[in-house]
Amino acid sequence: MSSTNNQACTHIPTDTDERAARPEPGAAYTGGNSAGAAMTAKKALSLIVILLTGFGIGLGFVNRSRAQQEESAVQIQTKKAKAINFNDQISANVQRMMAEGRKTFRSDTFGDEAFWGDTLKLHQAIEGSKFGGVGPGISPKAALDLGLKVDVDALHKSLQNDLEKGRVDLDDPANTLALLKADAVVGLKGFFQGDSLESVGITCALCHSTVDNTLAFGIGHRLDGWANRDLNVGKIVASTPNLTPFANLLGVSIATVQTVLNSWGPGKFDAELFLDGKAFNPQQVTDGVRTGANVPGATLIPNAFGLAGFNQHTWTGAWGTVTYWNALVANLEMHGKGRFFDPRLNNAAQFPIAAANGFGDLTHIDPDDDLITKKLPALQFFQLAIPAPTPQPGRDFDQAAAKRGDELFSGKAKCNNCHVEPLWTEPGWNLHKPDEIGIDSFQADRAPDRTYKTMNLAGIFVRENGLFMRPANKGRYYHDGRFATLLDVVNHYNTRFSLGLTEQEKRDLVD
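Figured I'd write up the structure that's included with this text. (Residues numbered from 1 in each chain as written. Predicted model: local features only at pLDDT ≥ 70, side-chain atom pairs only at ≥ 80, totals over all residues. Heavy atoms only, no water.)

**Considerations on the overall build of the protein chain**
The secondary structure content of the protein chain amounts to 20 helices and 14 strands. Within the protein chain, residue pairs in contact and separated by at least 24 positions form 64% of the contacts whose partners lie at least 6 positions apart. By element, 56% of the accessible surface of the protein chain is carried by carbon and sulfur atoms, the whole surface being about 26,400 Å². (Helix = DSSP H or I, 4+ residues; strand = E, 2+ residues; numbered from the N terminus. Contact = heavy atoms within 4.5 Å. Areas by Shrake-Rupley, 256 points an atom, 1.4 Å probe, with all protein chains shown as cover.)

Here it is, written out as structure tokens:
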């Protein structure tokens, strides 16, 4: 620095200065250069420390980053493993629910043998006096005439051969007992002590399964979910030795009970009879015209296939979905042992019998004694998984006519307004007041909100063509079967909504 003008000046070092300040290799610092050399050494040392520290920090960061990456990779793999494991759990649950649901549907009585066997003594009517029961007994021929079906896959091959060759006496009740012991009678389960039939119970499959008649009519492979249109439930129940419980419940004579039960006919059951006591529709009306008087209140047994994707599942409204109806039927109709709650049944004006007998809130039993509730989830799962059968063109319908009918279905005929493809009923709230569909309110008034359900049409060709059922029991549409054929239904709606369909269009719509 210069002191001549008292100003600080910045000295810009030159190459010469730099060379002068730089010691020669191997030379020692001496004289006036010692302070600068020491300072330079300290700076160098500080720089080395900083570099080493930075390297250490950087190395630590790299190590931590690597550890975090490794930990993250482990976590990802763990999450993936958990996800895969849970997917496996889902798959296993599907298989378990299907197996359990099918078993319940086909074989579970829910303990109802205490009612059908121990109380009504149905097993005594089956075995007959020759085997410790009462009356002539029920032979295999009589059982088939009542609409009971035989599962051919439950029979030993030798018995299948004997049946096929006519070597089995179908008039002998002993052979009915043999079929029961082989668990071959669909929906009817015998309880044996040795060779003695001690009791009998019923399962869901009694009404909601049939067979494909591969061996003979009424004997074949099971068709789960297909309504048994031949089953004469009323006549079977009427044959029980002890109808007193029904007579007491309804407040009528045993003779009256038998008359009502025998009025139902094949493929029908009256679930509301034991809730409201209304056995007959005094006046059946269609399109404003009286079409019947004192028509039996029993409704057609519905199919238990094609039920997934929509709301209400019974003929009449607000009874609920599949699992609600399963709970009601298992407890109140099959008389199994469980819990059921529906305060709507306390309405004495609409459901006098149910209200008087506390059906709206059954006795609160110990969960370990409840044979129904724990079976409902898998049972529902299985039923919702049953697909509707698919018709085959050229065999079940005319393909060209069906193509024309398809255009009418969603066009001029307006069927798709309610029977929405592919559910064939409305997605959402699929209920209607009686006047909307042009019929009387008798059956609707027996349901909580007094409405009818838009029937899902999946598999309707089975009924129209009478597959695996007696010819007399084919067709029959609406809840009470008032329309003999599908064409009759089309004619009804053609009138109700003034569609103006030609005769050819009606036939095409049927196809």
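Additional details are given in the paragraphs that follow.
**Remarks on the packing of helix H16 (residues 399–409) against helix H20 (residues 503–510)**
Here H16 crosses H20 at 100°, and the two axes come no closer than 7 Å. Of the possible angle classes, the one that applies to H16 and H20 is roughly perpendicular. Along the contact surface, H16 presents Ala-401, Ala-402, Arg-404, Gly-405, Leu-408 and Phe-409, while H20 presents Gln-504, Glu-505, Asp-508 and Leu-509. Per-class residue counts for the contact of H16 with H20 are five nonpolar, two polar and three charged. (Axes fitted to C-alpha atoms, helices over the stretch in contact; angles between N-to-C directions. Parallel < 35°, antiparallel > 145°, perpendicular 65-115°, else oblique. Nonpolar A, V, L, I, M, F, W, Y, C, P; charged D, E, K, R; others polar.)

**A closer look at the layout of surface pockets**
Reported here for the largest pocket is a volume of approximately 1,500 Å³. For the largest pocket, the lining is made up of 48 residues, of which Phe-409, His-419, Leu-457, Ile-460 and Leu-486 are closest to its centre. Of the residues belonging to the lining of the largest pocket, the class tally is 28 nonpolar, nine polar and eleven charged. (1 Å grid on protein atoms, 1.4 Å probe; cavity = no way out; pocket = protein on both sides within 12 Å on 5 of 7 lines; lining within 4 Å. Points joined across faces, edges and corners; volume = space filled by probe spheres on them.)

**Structural notes on empty space enclosed by the protein**
Inspection of the entire model under this criterion finds six cavities of 30 Å³ or more. Here the largest cavity is characterised by a volume of approximately 100 Å³. Lining the largest cavity are 13 residues, and of these Pro-302, Asn-303, Phe-305, Met-455 and Asn-456 lie nearest its centre. Here the lining of the largest cavity is built from residues that sort into seven nonpolar, four polar and two charged.

**Topic: the packing of helix H19 (residues 486–496) against H20**
At a minimum axis distance of 9 Å, the contact between H19 and H20 shows a crossing angle of 125°. Considering the angle they form, H19 stands oblique to H20. Here H19 runs over H20; the crossing is right-handed. Across the interface between the two elements, Leu-486, Leu-487, Val-490, Asn-491 and Asn-494 of H19 pack against Lys-506, Leu-509 and Val-510 of H20. Taken together, the residues that form the contact of H19 with H20 break down as five nonpolar, two polar and one charged. (Left-handed = near helix turned anticlockwise from the far one by under 90°.)

**Here we look at the side chain of Asp-508**
Tracing the sequence through the fold places Asp-508 in helix H20. Of the residues examined, Asp-508 reaches a relative accessible area of 4% and is grouped as buried. Residue contacts for Asp-508: discarding those within four places in its chain leaves Ala-401, Ala-402, Arg-404, Gly-405 and Leu-408. (Buried < 20%, exposed > 50% of the residue type's maximum accessible area, 1.4 Å probe, protein only.)

**Side note on the packing of aromatic side chains**
Scanning all chains against the criterion turns up 14 aromatic pairs. Plain terms: the ring middles of Trp-226 and Phe-468 are 5.7 Å apart, the flat faces sit at 50° to each other, and that makes the pair tilted. In this pair, Trp-226 sits in the loop between strand S6 (222–224) and helix H9 (233–238) while Phe-468 sits in the loop between helix H18 (460–465) and H19, placing the two residues 242 residues apart along the sequence. Residue classification places Trp-226 among the buried positions, given a relative accessible area of 12%. Ring centres of Tyr-493 and Phe-497 lie 5.8 Å apart, and the angle between their planes is 0°; on these two criteria the pair is classed as stacked. By relative accessible area, which is 22% here, Tyr-493 ends up partly exposed. (Phe/Tyr/Trp six-rings, centres within 6.5 Å; stacked < 30°, edge-to-face > 60°.)

**Quick look at unusual backbone geometry**
Geometrically, the link from Glu-421 to Pro-422 is a cis peptide bond, its omega value of 5° lying close to zero. One non-glycine residue, Tyr-478, adopts positive backbone phi at about 70°. Among the secondary structure elements, Tyr-478 is positioned in the loop between H18 and H19.

**Quick word on the side chain of His-479**
For His-479, the location among the structural elements is in the loop between H18 and H19. With relative accessibility at 5%, the residue His-479 sits in the buried group. Among all residues touching His-479, those that are not within four sequence positions of it are Ala-298, Thr-299, Leu-300, Trp-315, Ile-439, Gln-443 and Tyr-452.

**A short note on the pattern of salt bridges**
Summed over all chains, the structure comprises 21 salt bridges. Where Lys-141 meets Asp-145, a salt bridge forms, and the shortest distance between an N and an O atom there is 3.4 Å. Residue Lys-141 and its partner Asp-145 are located together in helix H5 (residues 140–145), separated by four residues, close to a single helical turn. With a relative accessible area of 43%, Lys-141 lands in the partly exposed category. Residue class for Asp-145 comes out partly exposed when judged on its relative accessible area of 47%. Several salt bridges converge on common partners, so that one network encompasses Lys-141, Asp-145 and Arg-470. (Salt bridge = Lys/Arg side-chain N within 4 Å of Asp/Glu carboxyl O.)

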